[in-house]
Amino acid sequence: MNLKSNTIATASLLFISSALYASETITDGKSSYGEIGYLPLAVHFPYNVTLKPKLVRYVLGVNFNEHLDLEGMVGATTDSDKSVRATIVGLFMKPKMAITEDSTIFLRFGSTRTLLDGRASGSLTRIAHGFGFQTKIGDNLYWQVDYMHYGSNDAYKSVRGGTISLGMTF
């Protein structure tokens, strides 16, 4: 996406999330959560070169209300034997909507910094966006799947990946 599309998408998502934030407050008293997940990242370069470092991703989040969360994310490469290592750090807004009593769909958008080392080196700071599905598996436990586009520029065609996570509310 070009800069104009990113700006329009970000402005639209900020408007939607602020409208959702204004609509309701938290009712169950669980206002924070943490997740750990597996992220096979795909870094696409020009000339059809793709590197696939495997990361573990940690997320800490705060519920503003039942429709909006703020999240901080850190991901790091798990396999040091690979020729490329990656680290991702990000801050996200997460507007969400319940589809059943225990299941939720969500969007995630914000800013990320991706650092690569090894066979590919460099960094990328960009707007990131994605979507996902989350469902409870207990009173305080849930699992989720999401797909994120962490950014792109001239040197990196794109950095993206899907994650499966286990989370706990507290």
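Residue positions are given per chain, counted from 1 along the sequence in the order it is written. Residues qualify for local features only when their pLDDT is at least 70, as the model is predicted, and side-chain atom pairs are given and counted only at 80 or more; totals for whole chains, interfaces and linings, by contrast, use all residues. Water and hydrogen atoms were dropped before computing side-chain values, which therefore reflect all heavy atoms in the structure.

**Focus: the overall build of the protein chain**
The secondary structure listing takes helices from DSSP runs of H or I that are at least 4 residues long and strands from runs of E that are at least 2 residues long, numbered from the N terminus. Helix and strand counts for the protein chain stand at one helix and ten strands. Counting from the amino terminus, the protein chain carries its helices and strands in the arrangement α-β-β-β-β-β-β-β-β-β-β. The classification of residues rests on relative accessible area computed with a 1.4 Å probe and restricted to protein chains. Under 20% of the type maximum is buried, over 50% is exposed, and intermediate values are partly exposed. The burial tally for the protein chain puts 39% of its 170 residues in the buried class. By definition, residues are in contact when any of their heavy atoms lie within 4.5 Å. Across the protein chain, every contact between residues at least 6 apart in sequence was considered, and the portion connecting residues at least 24 apart equals 55%. Surface accessibility follows the Shrake-Rupley procedure with a 1.4 Å probe radius. Residue values consider only the protein chains on display as shielding. Surface exposure of the protein chain reaches about 9200 Å², of which carbon and sulfur atoms provide 62%.

**Quick notes on the pattern of salt bridges**
Salt bridge, as used here: a side-chain nitrogen of Lys or Arg that lies within 4 Å of a carboxyl oxygen of Asp or Glu. Under the defined criterion, the tally for this structure stands at six salt bridges. Between arginine 57 and aspartate 146 there is a salt bridge, and its shortest N-O distance comes to 2.6 Å. In this pair, arginine 57 is assigned in strand 4 (residues 54-65) and aspartate 146 in strand 9 (residues 141-151), connecting sequence segments 89 residues apart. Aspartate 146 matches arginine 57 in its accessibility class, with the two residues each being buried. Where lysine 96 meets aspartate 69, a salt bridge forms, and the shortest distance between an N and an O atom there is 2.9 Å. Here the residue lysine 96 occupies a position in strand 6 (residues 84-98), and aspartate 69 occupies one in strand 5 (residues 68-77), the gap between them amounting to 27 residues. The buried category is assigned to lysine 96, whose relative accessible area is 14%. Via salt bridges that share partners, Arg57, Glu71, Lys94, Arg108 and Asp146 belong to a single interconnected network.

Scope: geometric values only; no functional claims are made or implied.
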